[in-house]
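Results of the structural survey
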Amino acid sequence: MSNERTKRIWDDLDRLEKRELLILVEAAVAVLQSGLEDEDSLHDMPSAPLISTLHETLLRENVEVEPSQILNLIDNNDVSLKLCKKLLKEISGLPELAKEIEDTYNTRTKMMSFDVESTLLAASLLVLSIKIKYVDLKSGKIKFYEFSNKAIKVLCEFLDSKIGG
Amino acid sequence: MRVSEIRVGALIYNISFLTITFMSIDSKGRKSVYSAGDIGEIEPKLMRLSEELSNGMKIAHGDLPNLHDFIDNWGRQLLPPKEWFENIDVLVIVPRGNLHGIPLHLVLIDNSPLGALVGITYSSGMSLMSRCMDRNPLRKKDSADWEFGSDYNSPCSPRKLSAILGGVDVLGSKNDIFKGIVTEISNYVKGELRNFSSKDDPCFNEFDRSSWKTAFMCPNSSDILCIASHGYLDFNNHRMSGLLLARDKLGVTYRNLALHGGKGFHVRDLPLRDIPLDFQPNIDAEILTSAELEIDGLLNSELVALLGCSTSVGQIYSGDEPVSLAETFLHVGACSVISCLWDVSVEFIKEWCRYFFDGWLIHRLPKALAYQRSIQKIFSGKYKDYPEQFGCIVLKGDWL
């Protein structure tokens, strides 16, 4: 049952409304955040330090990119949503992680709450996708370091298309 | 058991530059002072806990190490020895500083949360507590007549209360769900309510700002006000925080300002602020602000239930004044308020309300004991391992 449900939400990624997609991204950030050790939470981090954190993370991975390029990418709602969608699609390839993100998403959507839409989530998701080596899931610890290359590839594609466009 | 036999104790906290101390007062008036520890040790933990609980997605994920550490370990420092609780039935907690909003009712004592051992109510100050108690109509009657079953299974003679219940989600797609919460409450307790006949009752329709405001401005307001809606917190100016409600369907209403000489001046009753730009309501919406409540609110309700996200959350102003929607309702005349310390799931709130209103209205328990009963019921059910669920609702103000 849960596998079917997981499949459904991840398959329906393109059909999710903007608000739903952002909740799913926030859920992914919350789950991945557990892999960060002894560092400040990215939750509620303002744009400037977040972009600088992303820039430093990319430099450490030998990705030469200007902070202004990242800002342009993150600032543009449509582009950052597409970037999030692409990263989520990659994440859906990890079934255990996808399941936990979806559970978190489902719990959140059943709460009496309202999430303010923030495109900064794209930057948070990128930082976590590149930086994290392992993720502590409820079902156990999983390797995540191989995901870093995929995330960088996705980012580079977007930067190229943005610059080219 | 009679109300007059209930043993009431209090814990009053104090935060100095160096230490956190608290005074316990038992039902016989005996006082003891305890040290909870150094401020340098506890304050960072309190800050981390508050930050964690303000992150709704962490709550949804269940990733709450600071909450579990508080409940299982250091939270015990903030309470007297467990023997002290054996001699009280109801506990009034008066926090201070960063202890406002900390769920002391969740701290485990012998594997049971404190809230399941004794009935708990919070009050931000002793003077507010005494005002809440003074205004409670139940205290103007002879409580010796009030008897309730200690086994919770012997319904006593019911009293008929008036109620106004309404729910609206102006931001998301949960309007029917929000209405469903109050529908379920009303269906469950409508036999105990005197102005309630059916779902089609005029008092139950989707409430707009002016309807609620009318309810809040009435000195003979309903005994129970139950609102399921989003709360908005303005961290820069609490008085501009408020409830997100539907826009007046009849257009702009007018209110009368009384002038000298018995004359009146009619003004358009516009909201004091717009909906923040971050929000994109899916229906016409307005904010009923705390400032409006403070200007016009004239409640006399026994209970206001604020069933929304984080309705008990706010900042602490100078003079140790915590500001939140729950506090505002206590300031404008409510005897007691039920509110949420953090984001809460709809299913849980329905279940909790069923137990609470069953205890309070049907079994005629005082509110704090009805609260204790709901925690006990919830703790023995499927939410046992989810303190982030069963600990989110608090009772504030008078316990009776």
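Preceding this paragraph is the structure being described.
Here we summarise the structure given alongside this text. (Residues numbered from 1 in each chain as written. Chains lettered and ligands numbered in written order. Predicted model: local features only at pLDDT ≥ 70, side-chain atom pairs only at ≥ 80, totals over all residues. Heavy atoms only, no water.)

**Describing the interface of chain B and chain A**
Chain B puts 27 residues into the contact, and the matching count from chain A is 21 residues. At the boundary of chain B and chain A, one finds 1 salt bridge. With a shortest N-O distance of 2.7 Å, B:Asp343 and A:Arg108 are connected by a salt bridge. In this structure, the connection of chain B to chain A is made through 10 residue pairs in polar contact (both at pLDDT 80 or more). Tallied by class, the residues present in the side of chain B that touches chain A amount to 13 nonpolar, 10 polar and 4 charged. (Contact = heavy atoms within 4.5 Å. Salt bridge = Lys/Arg side-chain N within 4 Å of Asp/Glu carboxyl O. Polar contact = N/O pair within 3.5 Å; in protein donor to acceptor, adjacent residues only side chain to side chain. Nonpolar A, V, L, I, M, F, W, Y, C, P; charged D, E, K, R; others polar.)

**As for the pairing of strand 8 (residues 163-168) of chain B**
Residue and element names in this part refer to chain B. Extensive coverage of strand 8 is indicated by the burial of 6 of its 6 residues. Burial of the side chains of strand 8 extends over both faces: Ala163, Leu165 and Gly167 are buried on one face and Ile164, Gly166 and Val168 on the other. Relative to strand 9 (residues 224-232), strand 8 runs parallel, the two being bridged by 6 bridges. Considered in strand 9, the bridge of Val168 is made with Ser229. (Buried < 20%, exposed > 50% of the residue type's maximum accessible area, 1.4 Å probe, protein only. Helix = DSSP H or I, 4+ residues; strand = E, 2+ residues; numbered from the N terminus. Pairing = 2+ DSSP bridges.)

**Some details on unusual backbone geometry**
Note on backbone geometry: most residues besides glycine have negative phi, and most peptide bonds are trans. Of note in the backbone geometry, A:Asn62 takes a positive phi value of approximately 65° without being a glycine. Here A:Asn62 lies in the loop between helix 3 (47-60) and helix 4 (67-75). By relative accessible area, which is 69% here, A:Asn62 ends up exposed. Positive phi values are uncommon outside glycine, yet B:Asp320 reaches one of about 55°. Note on placement: B:Asp320 falls in the loop between strand 15 (315-317) and strand 16 (321-323). The exposure class of B:Asp320 is buried, given its relative accessible area of 17%.

**Regarding the pattern of salt bridges**
All names here are of chain B. Here the structure, examined in full by the defined rule, presents 26 salt bridges over all chains. A salt bridge links Asp63 to Lys58; its shortest N-O distance comes to 3.4 Å. Linked by salt bridges that have partners in common, Arg209, Lys213, Arg247, Asp248, Arg255, Asp269, Glu286, Glu292 and Asp296 make up one network.

**Digging into the nonpolar core**
Core analysis: the biggest nonpolar cluster contains 154 residues, and A:Leu97, B:Leu78, B:Leu91 and B:Phe357 have the highest contact counts within it. Of all the elements, helix 2 (residues 18-32) of chain A adds the most residues to this core, at 11 residues. B:Leu243, B:Leu244, B:Ala285 and B:Val304 belong to the second largest nonpolar core, which has 34 residues in total. (Core = buried A, V, L, I, M, F, W, Y, C linked by side-chain atoms within 4.5 Å.)

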